[in-house]
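Below are the chains, spelled out letter by letter.
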Amino acid sequence: MIELPEALALAAQLDRYAAGKMAVKVWPPSSIHKFCFYEGDAAEYDARLSGRRIEKCEAFGIYVELSFAGGVRLCFNDGVNPRLLAPEEARPKKYQLLIDFSDGWSLVFTVAMYGAIICHTGVYENKYYQKSRTGISPLCEAFDFTCFCTLADDAKPNLSLKAFLAAEQRIPGLGNGVLQDILFEAGLHPKRKLDTLSAGEKETLFQSVKRVLAEMAAKGGRDTEKNIFGNAGGYVTRLSKKTLAGGCPRCGGPITKEAYLGGAIYYCPVCQPVDSAKRRTEE
């Protein structure tokens, strides 16, 4: 799933390898996916995009957006998998959108679980798009500890840390995927309540958000995700489906995986005790 580090990596690659290419044919879905969403009829994307060159590509939050000549844009979000295919590469039989370029290359979009591929002219009234576009990126200098504390103060105090960090796009691009390593590095359990954090723990969590996301972005995204050429990102995840069997990278104990708030969470019950606030009070 595309989160901020992957969005930045994908946009950088597309800006390098796809900017300047002219769309000559846009193919609607070869396979209907009931959880892939479009703006209007996807069959109309050909008329909107063909004959236009890609001018630039950018990332914000969980979105990547390609800007075509004439003010037309194509954005896609966290559940979409883009692949840039050379002229000699076989095109997949099933896809949710495919763009052929004048030089023989193609850009194909597939969706596994859910996602959106939106063609618009600058106005897309979706709350997650707007939050991603207008929110303060956690990698910007403006996202400082004061900003982080303001978000925490504005949230319901009984929210779990997962709900606070990874829901509603409070922090653009921070989702359930990157959350795992952020909380592991901070030594905090995903189910800990926001109002149980000490001032020191809140500072530690903020620093972990900044540090882990910066490392993920610098290494081209996580190793659980793929770029436009189908290669995994260079950031080696500490806690993910790839590391579950290997044990905790800190203490060596078993990692716990469980379903929570609509997705899987991974944590070490020793290094990330859920009752650490109670223990601190007792001590």
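Residues numbered from 1 in each chain as written. Predicted model: local features only at pLDDT ≥ 70, side-chain atom pairs only at ≥ 80, totals over all residues. Heavy atoms only, no water.

(A) Here's a closer look at the packing of aromatic side chains. Summed over all chains, the structure comprises twelve aromatic pairs. Residues Tyr 17 and Phe 229 carry aromatic rings whose centres are separated by 5.1 Å and whose planes lie at 80° to one another, so their mutual orientation is edge-to-face. Pair noted here: Tyr 17 is in helix H1 (residues 4-17) and Phe 229 is in the loop between helix H7 (199-218) and strand E10 (256-260), with a separation of 212 residues, a long-range link. Here Tyr 17 falls in the partly exposed class, since its relative accessible area comes to 35%. Between Lys 25 and the ring centre of Trp 27, over which it is positioned, the NZ or CZ distance is 5.0 Å. (Phe/Tyr/Trp six-rings, centres within 6.5 Å; stacked < 30°, edge-to-face > 60°. Helix = DSSP H or I, 4+ residues; strand = E, 2+ residues; numbered from the N terminus. Buried < 20%, exposed > 50% of the residue type's maximum accessible area, 1.4 Å probe, protein only. Lys NZ or Arg CZ within 6 Å of the ring centre and 35° of its normal.)

(B) Structural view of helix H6 (residues 176-186). Of all eleven residues that make up H6, eight are buried, and the element is covered over most of its length. What H6 keeps buried is the set Val 178, Leu 179, Gln 180, Asp 181, Ile 182, Leu 183, Phe 184 and Ala 186. Downstream of H6 by a residue or two, Gly 187 has a phi angle that is positive, lying close to 70°.

(C) Looking closely at the sheet that holds strand E3 (residues 54-60). The strand order E2-E9-E5-E4-E3 describes an open sheet built from five strands, whose pairing is mixed. Edge strands, defined here as strands with exactly one partner in the open sheet, are strand E2 (36-38) and E3. This sheet shows a mean twist of 15° between the axes of neighbouring strands, independent of strand direction. Where E2 lies against strand E9 (residues 115-120), three bridges are found, and the strand directions are parallel. From the neighbouring strand, Cys 36 faces E9, where its bridge partner is Gly 115. Contacts from H1 reach E3, strand E4 (63-68) and strand E5 (72-76) within the one sheet, and its direction differs from that of E3 by about 170°. Packing against the sheet, helix H3 (residues 127-134) makes contact with E3, E4, E5 and E9, and its axis sits at approximately 85° to E4. (Pairing = 2+ DSSP bridges. Axes fitted to C-alpha atoms, helices over the stretch in contact; angles between N-to-C directions. Contact = heavy atoms within 4.5 Å.)

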